[in-house]
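One letter stands for each residue in the lines below.
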Amino acid sequence: ITKIEEFPAYKNYEEYKLKPIIKTFAKELGLNITDSECTYLMHTTGVFLRDIHTQLEKIKLLIHPDTKVTQKAINEIATQNVDIFTIVDDILSKEYSKAINKISNIIEKEHYLPSLMLIQTMINNLLKTKILSKSLNSYEISVRTGQSKYVTDKNLEKIANVSTEELVRLKTNLTTVEYML
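Below is a summary of the structure that appears in this document. Please read all numbers here as calculations on a predicted model, not as lab measurements.

1. Remarks on helix 1 (residues 15–28)
And step 1. Given a rise of 1.5 Å per residue, 14 residues ought to cover 20 Å, and the 20 Å separating the end C-alpha atoms of helix 1 matches this to within 8%.
And step 2. Among all positions of helix 1, only Leu-18, Ile-21, Ile-22, Phe-25 and Ala-26 are buried. Projected down its long axis, helix 1 carries its buried residues within an arc of 140°, all on one side. Turned more than 90 degrees away from the buried face of helix 1, the exposed residues are Tyr-16 and Lys-27.
And step 3. In this fold, the buried residues of helix 1 make contact with helix 2 (35–45) and helix 3 (49–63).
And step 4. One or two residues past the end of helix 1 sits Gly-30, with phi positive at roughly 80°.

2. Some points on the packing of helix 8 (residues 138–145) against helix 9 (residues 149–158)
And step 1. At a minimum axis separation of 9 Å, helix 8 and helix 9 run at an interaxial angle of 115°. On the basis of their axis angle, the class for helix 8 and helix 9 is roughly perpendicular. Here helix 8 and helix 9 pass one another in a crossing that is right-handed. Every residue of helix 9 that contacts helix 8 at Ser-138, Tyr-139, Ile-141, Ser-142 and Thr-145 is listed here: Lys-149, Thr-152, Asp-153 and Leu-156.
And step 2. Of the residues contributing to the contact of helix 8 with helix 9, the split by class is 3 nonpolar, 4 polar and 2 charged.

The rules behind the values
Residues numbered from 1 in each chain as written. Predicted model: local features only at pLDDT ≥ 70, side-chain atom pairs only at ≥ 80, totals over all residues. Heavy atoms only, no water. Helix = DSSP H or I, 4+ residues; strand = E, 2+ residues; numbered from the N terminus. Expected span 1.5 Å × (residues − 1). Buried < 20%, exposed > 50% of the residue type's maximum accessible area, 1.4 Å probe, protein only. Arc of directions from axis to C-beta. Contact = heavy atoms within 4.5 Å. Axes fitted to C-alpha atoms, helices over the stretch in contact; angles between N-to-C directions. Parallel < 35°, antiparallel > 145°, perpendicular 65-115°, else oblique. Left-handed = near helix turned anticlockwise from the far one by under 90°. Nonpolar A, V, L, I, M, F, W, Y, C, P; charged D, E, K, R; others polar.

Rendered as structure tokens:
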């Protein structure tokens, strides 16, 4: 009989809370996982504990009799649940092949429009933040955009080295792609 567990929900930015939990899950399954693999697992699987636990169970079966979780094992199993929020990070850091790979994984499982709309919204919010950052501080930007100050600060970090022109180009290209599809 399977033990029924309830898993609490965490946010993408709460890695510090998730790593100890992931390490506990791994230990319960007889696996060894490092901090970098914990982070990688979160980025490829998402932050839902149930999904993370399931992926660790799959990894255990994949690497048996070995017990060390590696990025290779995570790639083979855990990339099934791509976190769409990392796609924009990949685009901003000009890692286009990573972003395209993640998008193709999503398209294999669901219709492309909801994902494309979310990416478009995220780029649009980054563009608004960039424009407002020229005359407002992060608190004022968070009030204007309706985002929390923490999210605004993280977005400002993401776009610190990205020009307004580049964000406009991304938004324009995404709009063009939407119409072409």
